[in-house]
Amino acid sequence: MTRRRWIAERWDEATATITGTQAEHLARVLRAQPGVEADIVAGGHVFHAEVAAVSPNEIRFNLIAEVQADPALPITLVMAVYKFDHMEWAIEKATELGVAAIAPVVSRRTEKHLAQTAPKRAERWRRIAHESAQQSRRSDVPVIHDPQPLNEIVAALSNDVRLVLAEQERSTTLRQALTEVLSAAGDEMPSLQIAIGPEGGWAPNEEALFDSNGWRAVSLGPRILRAETAAIAALSITASFLE
Ligand code: SAM
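Nothing here was measured: the structure is a model prediction, and the numbers come from that model.

### Points about the packing of helix 2 (residues 84-97) against helix 3 (residues 112-135)
Alright, step 1. Look at helix 2 against helix 3: their axes get within 9 Å of each other, and the N-to-C directions meet at 35°. Helix 2 and helix 3 meet at a crossing whose hand is right-handed. Facing helix 2, whose interface residues are Phe84, Met87, Glu88, Ile91, Glu92, Thr95 and Glu96, helix 3 presents Leu114, Thr117, Ala118, Arg121, Arg124, Trp125, Ile128, Ala129, Ser132, Ala133 and Gln135.
Alright, step 2. For the contact of helix 2 with helix 3, the class distribution of residues is nine nonpolar, four polar and five charged.

### Quick look at the site of the ligand
Alright, step 1. If you check the shell around the ligand, you find 20 residues, and the closest are Leu165, Glu167, Leu220, Arg223 and Leu225.
Alright, step 2. The backbone of Ala166 places a nitrogen or oxygen atom 3.5 Å from a nitrogen atom of the ligand.
Alright, step 3. Burial of the ligand by the protein amounts to 84% of the accessible area it has alone, namely 580 Å².

### Side note on the packing of helix 5 (residues 174-185) against helix 7 (residues 227-242)
Alright, step 1. At their nearest, the axes of helix 5 and helix 7 sit 10 Å apart, and the two run at 30° to each other. Our classification of the angle between helix 5 and helix 7 gives roughly parallel. Considering how the two elements wind past one another, helix 5 and helix 7 form a crossing that is right-handed. Of helix 7, the residues touching helix 5 (which contributes Leu174, Arg175, Leu178, Thr179 and Leu182) are Ala234, Ile237, Thr238, Phe241 and Leu242.

### Focus: the nonpolar core
Alright, step 1. One finds Ile75, Leu77, Met79, Ile91, Ile102 and Trp125 to be the most contacted residues of the largest nonpolar core, which totals 37 residues.
Alright, step 2. Top element by residues in this core is helix 7. It accounts for eight residues.
Alright, step 3. If sequence neighbours within four positions are ignored, Ile91 has contacts with Met79, Ile102, Trp125, Ile128, Ala129 and Ile144.
Alright, step 4. Listed in part, the 17 residues of the second largest apolar core include Ala32, Ala49, Ile59 and Leu63.

### Concerning the domain arrangement of the protein
Alright, step 1. Entries for the protein in the domain assignment read domain 1 (5-67) and domain 2 (73-242).
Alright, step 2. With centres defined by C-alpha atoms, the gap from domain 1 to domain 2 works out at 33 Å.
Alright, step 3. Every contact between the two is made by 10 residues of domain 1 and, on the other side, eight residues of domain 2.
Alright, step 4. Between domain 1 and domain 2 the total buried area reaches about 720 Å² when both faces are included, carbon and sulfur atoms providing 51% of it.
Alright, step 5. One salt bridge connects Arg137 with Asp39, and the closest N-O pair in it is separated by 3.4 Å.
Alright, step 6. The interface formed by domain 1 and domain 2 holds five residue pairs in polar contact (both at pLDDT 80 or more) in total.
Alright, step 7. Going through the elements one at a time, strand 1 (5-7), strand 4 (37-42) and strand 5 (45-55) are the ones with two or more residues in the side of domain 1 that touches domain 2.
Alright, step 8. Split by residue class, the side of domain 1 that touches domain 2 holds four nonpolar, three polar and three charged.

### A few points about the side chain of Thr17
Alright, step 1. Turning to its location among the elements, Thr17 is positioned in strand 3 (residues 15-19).
Alright, step 2. A relative accessible area of 6% means that Thr17 is categorised as buried.
Alright, step 3. Those residues in contact with Thr17 that lie beyond four places of it in its chain are Ala8, Glu9, Arg10, Glu58, Ile59 and Arg60.

### Regarding the packing of aromatic side chains
Alright, step 1. The final tally for this structure, using the stated rule, is three aromatic pairs.
Alright, step 2. Ring plane angle 65° and centroid distance 5.9 Å describe the contact between Phe84 and Trp125, whose orientation is recorded as edge-to-face. Of this pair, Phe84 sits in helix 2 while Trp125 sits in helix 3; the two residues are 41 residues apart in sequence, bridging distant segments of the chain.
Alright, step 3. Overall, the relative accessible area of 0% leaves Trp125 in the buried class.
Alright, step 4. Seen in terms of ring centroids, Phe210 and Trp215 are 5.1 Å apart; in terms of plane orientation they differ by 70°. Their pairing is edge-to-face. The same class applies to Phe210 and to Trp215, which are both buried.

Rules used throughout
Residues numbered from 1 in each chain as written. Predicted model: local features only at pLDDT ≥ 70, side-chain atom pairs only at ≥ 80, totals over all residues. Heavy atoms only, no water. Axes fitted to C-alpha atoms, helices over the stretch in contact; angles between N-to-C directions. Helix = DSSP H or I, 4+ residues; strand = E, 2+ residues; numbered from the N terminus. Left-handed = near helix turned anticlockwise from the far one by under 90°. Contact = heavy atoms within 4.5 Å. Nonpolar A, V, L, I, M, F, W, Y, C, P; charged D, E, K, R; others polar. Near = heavy atom within 4 Å. Polar contact = N/O pair within 3.5 Å; in protein donor to acceptor, adjacent residues only side chain to side chain. Areas by Shrake-Rupley, 256 points an atom, 1.4 Å probe, with all protein chains shown as cover. Parallel < 35°, antiparallel > 145°, perpendicular 65-115°, else oblique. Core = buried A, V, L, I, M, F, W, Y, C linked by side-chain atoms within 4.5 Å. Buried < 20%, exposed > 50% of the residue type's maximum accessible area, 1.4 Å probe, protein only. Domains from an automatic or database assignment. Buried area = accessible area lost by both parts, 1.4 Å probe. Salt bridge = Lys/Arg side-chain N within 4 Å of Asp/Glu carboxyl O. Phe/Tyr/Trp six-rings, centres within 6.5 Å; stacked < 30°, edge-to-face > 60°.

Shown next, in the form of structure tokens:
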């Protein structure tokens, strides 16, 4: 039988502890008792574990043995801030698909009130990623960065392969770019950054900024997708190349 999986807040070499709403759920709803077995994610590793002690808002586990875990996809999604409910959906699904990190950015066409309130949303985005990682039995939780201005991330030095989704790009598809990237990388697994624009798309000066900083513009085909659809399509296509 598949064991339930929990993500620990604290751990040492022999034990791991979950707290807060996770612990409450396990104690009150699932009535966890000492001896019950589970999988525990601690520091990016997964362990077969058993409950050692239960209190209303804290459960301690003894770690029995490390189990094999699938690594995250080496992809950072650079996502322009857009309508929060759509963005939350994208964060949840991107986590299920295995993204390693999400970097929200404020771009020229990000609506003003969303840009102003985005910093306060970061904690909520982290909680969504945490719950989604647990539900999809990941061995880690994707990093959700604080929102930052687009130019900071576009111009930052990086060894990653950098692709920007652009609906007006006609000559290079994401698939073509990935085929070239993987054949150039040989046996190495490249790390990627993939940028997705807001509902109004990238402004012309942002496209020029990407271009001058070595980002490659790629297409997902002739139809214009909503930003959250583009995020999920891009991740699925990339995963099919990397996994
Ligand atoms: N500027 C567009 C408009 O209003 O007609 C819409 C932008 S689209 C809703 C949001 C983002 O999704 C784009 O900036 C781009 O990053 C990505 N995107 C959507 N469709 C795409 C496609 N066919 N190819 C590549 N990227 C796409």
